[in-house]
Amino acid sequence: MNQNSWQIYRIAFQTIVTKEILRFMRIWVQTLLPPAITTTLYFIIFGKLIGDRIGEMDGYRYIDFIVPGLILMSVIQNSYANVVSSFFGTKLQHYIEELLIAPVPHWVVLGGYVVGGVARGTMVGVLVTMISLFFTDLAINSYGLTLLVFVLTSVLFALAGFINAVYAKTFDDISIVPTFVLTPLTYLGGVFYSIELLPEFWQWLSLANPVLYMVNTFRFGILGISDIDVVVALVIIVGFIAILTLYSLRLLSRGVGIKE
Amino acid sequence: MTALIIENLHKTYRNGFEALKGIDLKVEQGDFFALLGPNGAGKSTAISIIASLINKTTGRVEIYGHDLDRERDLAKRLIGLVPQEFNFNMWEPVEEILVNQAGYYGIPRKLAFQRAGEALKRLGLWEKRHTQARWLSGGMKRRLMIARALVHRPRLLILDEPTAGVDIEIRRSMWDFMREINRQGTTIILTTHYLEEAESLCRNIAIIDHGRIVEQTSMTRLLSQLHTEVFLLNMAAPINRAPDLHDYRTTLVDSDTLEVEVDREQSMNQLFRLLSAQGIEIVSMRNKQNRLEQMFVDLVDGSKEKHA
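The rules behind the values
- Residues numbered from 1 in each chain as written.
- Chains lettered and ligands numbered in written order.
- Predicted model: local features only at pLDDT ≥ 70, side-chain atom pairs only at ≥ 80, totals over all residues.
- Heavy atoms only, no water.
- 1 Å grid on protein atoms, 1.4 Å probe; cavity = no way out; pocket = protein on both sides within 12 Å on 5 of 7 lines; lining within 4 Å.
- Points joined across faces, edges and corners; volume = space filled by probe spheres on them.
- Helix = DSSP H or I, 4+ residues; strand = E, 2+ residues; numbered from the N terminus.
- Axes fitted to C-alpha atoms, helices over the stretch in contact; angles between N-to-C directions.
- Parallel < 35°, antiparallel > 145°, perpendicular 65-115°, else oblique.
- Left-handed = near helix turned anticlockwise from the far one by under 90°.
- Contact = heavy atoms within 4.5 Å.
- Nonpolar A, V, L, I, M, F, W, Y, C, P; charged D, E, K, R; others polar.
- Domains from an automatic or database assignment.
- Buried area = accessible area lost by both parts, 1.4 Å probe.
- Salt bridge = Lys/Arg side-chain N within 4 Å of Asp/Glu carboxyl O.
- UniProt positions renumbered as here; feature names shortened; annotations may be inferred.
- Buried < 20%, exposed > 50% of the residue type's maximum accessible area, 1.4 Å probe, protein only.
- Polar contact = N/O pair within 3.5 Å; in protein donor to acceptor, adjacent residues only side chain to side chain.
- Phe/Tyr/Trp six-rings, centres within 6.5 Å; stacked < 30°, edge-to-face > 60°.
- Lys NZ or Arg CZ within 6 Å of the ring centre and 35° of its normal.

1. With respect to empty space enclosed by the protein
And then number 1: Summed over the entire model, instances satisfying the criterion amount to one cavity of 30 Å³ or more.
And then number 2: Of the voids in this model, the largest cavity is the one considered here, and its volume is about 110 Å³.
And then number 3: Taken together, 13 residues make up the lining of the largest cavity; nearest its centre are A:E97, A:I101, B:L81, B:Q101 and B:R148.
And then number 4: Listing elements by their share of the lining of the largest cavity, those giving two or more residues are α5 (96–101) of chain A together with β6 (79–82) and α5 (138–150) of chain B.
And then number 5: Sorting elements by how many residues they give to the lining of the largest cavity places α5(A) first, with three residues.

Dropping the structure here:
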């Protein structure tokens, strides 16, 4: 691969990322506004109205406890939603062919879409964080760890969204996973509670939920508290990213869902 | 130099359908080449393999000396495709579609805007550059796909039924445009159902049927194989029965129209002399069927019989 190829790949990558960002910015009413409204409602209802009656959780006010989880939940949902809907759209309207015919390697295609998903996840995450400042003082324990988990989680769910889009054949297929898998995993991933509140069996079962590791590591980054070992959590997140990346590239090289 | 070489190309789909049964094809640089065949013959499969839209089963494709498997990027940079179906993002503005496509070929954004502008002006879409693609008319959408295929300046342009559903005026202007880019050095492969289009534009031709090439030759040579041509003559005055014109077979279509079958060895001057001798004045004449169409039907029918 010569220098010229790298330059082509860099421009192609930038093009995909720019296209993805322009896409979700163009429809900001559908992509950026709803998570802002939903999380504001979470902050008001669970954080203030109900939260004040719940008292403390792990030594923090309830609203302070749920803020990290709610930020990460919006990152998860939006990183996933961006890639699944955008890549499924390229398949549905056949403009995936614009990429297939061009000299763009699979890893550039994947990277472009994932970064597009991370861009939306980041934008929504920042928006939700800014809203949270109206309800709580966000004193961050470790900026480095918070940022790392934020980005890694976004990458992981952007990859998951990509795989969902590759397999999806109908609009139902892109809503089934978020509704029946992603939402339950997120809600049961310790966003609203510490797993120490659960009976031992359910605590043990919760450890099989990957979202728990992300939420707790992110919470550790902000509040300095976690139900699980942060290093183990980081290894698990990176491990999942590696597996999903390899799997996505394999799907692309075999042409599953796009060259059939 | 040879623009495209296809060797022993096979494609069997997952459902077991064998779309290509080992085709060989050679298209020379600068050619305007017609790839014709009935629906389901394998044209689009072949084109999709050349354009990397589907994976081949076996065989070899080479573009301007670059093997599509071993030198994929180099080969891909040389191809432009105008597919049969609209395949752009309907919600994206026209200019953005072109700029993005240029970006996929590594053209920096500033230059991409410049190239997009040039292509849009050439194809009469400049005024629509900020319009979402879904608001374009059918003809404009076709022209948008041509502009997109040209934005990275390919040396081999594949046009898969580019004028389908386009009115005659636009079709003619698209023909002029295709001739112009071919004159400027772009090799063109055209598939079309309008055989007059292929006859008028293309110098060489391949006919594909049942996944096999049944004929590959020059347009002139192919048409010279026609043994007879059928003409429809419009007469100045009505007649009530077909005249006897010796060796020319005649049929009266209606009282004003006479159908005459002319063999390759027979002279048109002789035909008109015989008609004049019988006091029949001809005001206009036309081919009953496009010549290539006649040849095409003969070849495909022949291929069908072979496979029956």
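What follows continues from the structure just given.
2. Observations concerning the packing of helix α3 (residues 94–104) of chain B against helix α4 (residues 109–122) of chain B
Helix packing geometry: the angle between the two helix axes and the distance between the axes.
All names here are of chain B.
And then number 1: Orientation of α3 relative to α4, taken along the N-to-C sense of each, is 125°, at an axis distance of 8 Å. Comparing the axis directions of α3 and α4 gives the class oblique. Two packed elements cross with a definite hand, and for α3 against α4 that hand is right-handed. Contacts from V94, E95, L98, V99, N100 and A102 of α3 reach α4 at R109, A112, F113, A116, A119 and L120.
And then number 2: Of the residues that constitute the contact of α3 with α4, the class distribution is nine nonpolar, one polar and two charged.

3. Quick word on the domain arrangement of chain B
Residues and elements named next belong to chain B.
And then number 1: For chain B, the assigned domains read domain 1 (2–224) and domain 2 (228–292).
And then number 2: Contacts between the two partners involve ten residues from domain 1, matched on the other side by four residues from domain 2.
And then number 3: Together, the buried faces of domain 1 and domain 2 total about 560 Å²; carbon and sulfur atoms form 56% of this surface.
And then number 4: Counting every contact that joins domain 1 to domain 2 gives zero salt bridges.

4. Focus: the layout of surface pockets
Residues and elements named next belong to chain A.
And then number 1: The calculated volume of the second largest pocket comes to roughly 540 Å³.
And then number 2: Residue lining of the second largest pocket: 20 residues in total, with R23, I27, Q30, S85 and S86 positioned closest to the centre.
And then number 3: Every element with two or more residues in the lining of the second largest pocket is listed here: α1 (3–26), α2 (28–31), α4 (62–92) and α8 (171–187).
And then number 4: Residue classes in the lining of the second largest pocket are distributed as nine nonpolar, eight polar and three charged.

5. Quick word on the UniProt feature "domain: ABC transporter" (unreviewed entry) in chain B
And then number 1: Mapped onto this structure's residue numbering, the UniProt feature "domain: ABC transporter" (unreviewed entry) falls at residues 4–235 of chain B.
And then number 2: Annotated as 35% helix and 29% strand, the span residues 4–235 of chain B places its first and last C-alpha atoms 49 Å apart.

6. Observations regarding unusual backbone geometry
Residues and elements named next belong to chain B.
And then number 1: Positive phi, normally seen in glycine, also occurs at R153, with a value near 55°.
And then number 2: Residue position: R153 is located in the loop between α5 and β7 (156–160).
And then number 3: Here E161, not a glycine, exhibits a phi torsion of approximately 50°, which is positive.
And then number 4: Note on placement: E161 falls in the loop between β7 and α6 (168–183).
And then number 5: We classify E161 as buried; its relative accessible area is 10%.

7. Considering the pattern of salt bridges
Two side chains that carry opposite charge are able to pair once their charged atoms sit near each other.
Residue and element names in this part refer to chain B.
And then number 1: For the structure on display, the rule yields 16 salt bridges over all chains.
And then number 2: A salt bridge links R60 to E7; its shortest N-O distance comes to 3.0 Å. Within this pair, whereas R60 is found in strand β4 (residues 58–63), its partner E7 is found in strand β1 (residues 2–12), the two being separated by 53 residues in sequence.
And then number 3: Here R60 makes a salt bridge to D67, at a shortest N to O gap of 3.2 Å.
And then number 4: Residue R60 is classed as partly exposed on the basis of its relative accessible area of 23%.
And then number 5: Owing to a relative accessible area of 6%, D67 belongs among the buried residues under this scheme.
And then number 6: Here the salt bridges do not stand alone but share partners, grouping E7, R60, E62, D67 and R70 into one network.

8. Some words on the interface of chain B and chain A
And then number 1: Residue-level contacts link 33 residues of chain B with 28 residues of chain A.
And then number 2: Summing the contributions of chain B and of chain A, the shared interface buries around 2,700 Å²; its carbon and sulfur component is 49%.
And then number 3: Summed over the shared surface of chain B and chain A, the result is two salt bridges.
And then number 4: As a salt-bridge pair, A:R26 and B:E96 come within 3.1 Å of each other at their nearest N and O atoms.
And then number 5: Between chain B and chain A we count 13 residue pairs in polar contact (both at pLDDT 80 or more) in total.
And then number 6: Counting only elements with at least two residues in the side of chain B that touches chain A, the list comes to α2 (72–77), β6 and α3 of chain B.
And then number 7: Residue composition of the side of chain B that touches chain A, by class: 15 nonpolar, nine polar and nine charged.

9. Structural notes on the packing of aromatic side chains
Pairs of aromatic rings are described using the distance from one ring centre to the other and the angle between the two planes.
And then number 1: Scanning the model with the defined rule gives 16 aromatic pairs over all chains in all.
And then number 2: Ring centres of A:Y42 and A:F192 lie 5.7 Å apart, and the angle between their planes is 50°; on these two criteria the pair is classed as tilted. In this pair, A:Y42 sits in helix α3 (residues 33–54) while A:F192 sits in the loop between α8 and α9 (200–206), placing the two residues 150 residues apart along the sequence. A:F192 shares its class with A:Y42; the two are buried.
And then number 3: With a centroid separation of 5.0 Å and an interplanar angle of 85°, the aromatic rings of A:F87 and A:Y113 are classed as edge-to-face. Highlighted residues: A:F87 in helix α4 and A:Y113 in helix α6 (residues 106–132), separated in sequence by 26 residues. Exposure class is identical for A:F87 and A:Y113. Each is buried.
And then number 4: Taken together, the ring pairs connect A:Y42, A:F46, A:Y187 and A:F192 into an aromatic cluster.
And then number 5: The side chain of B:K11 reaches across the aromatic face of B:Y13, ending 5.0 Å from its centre.

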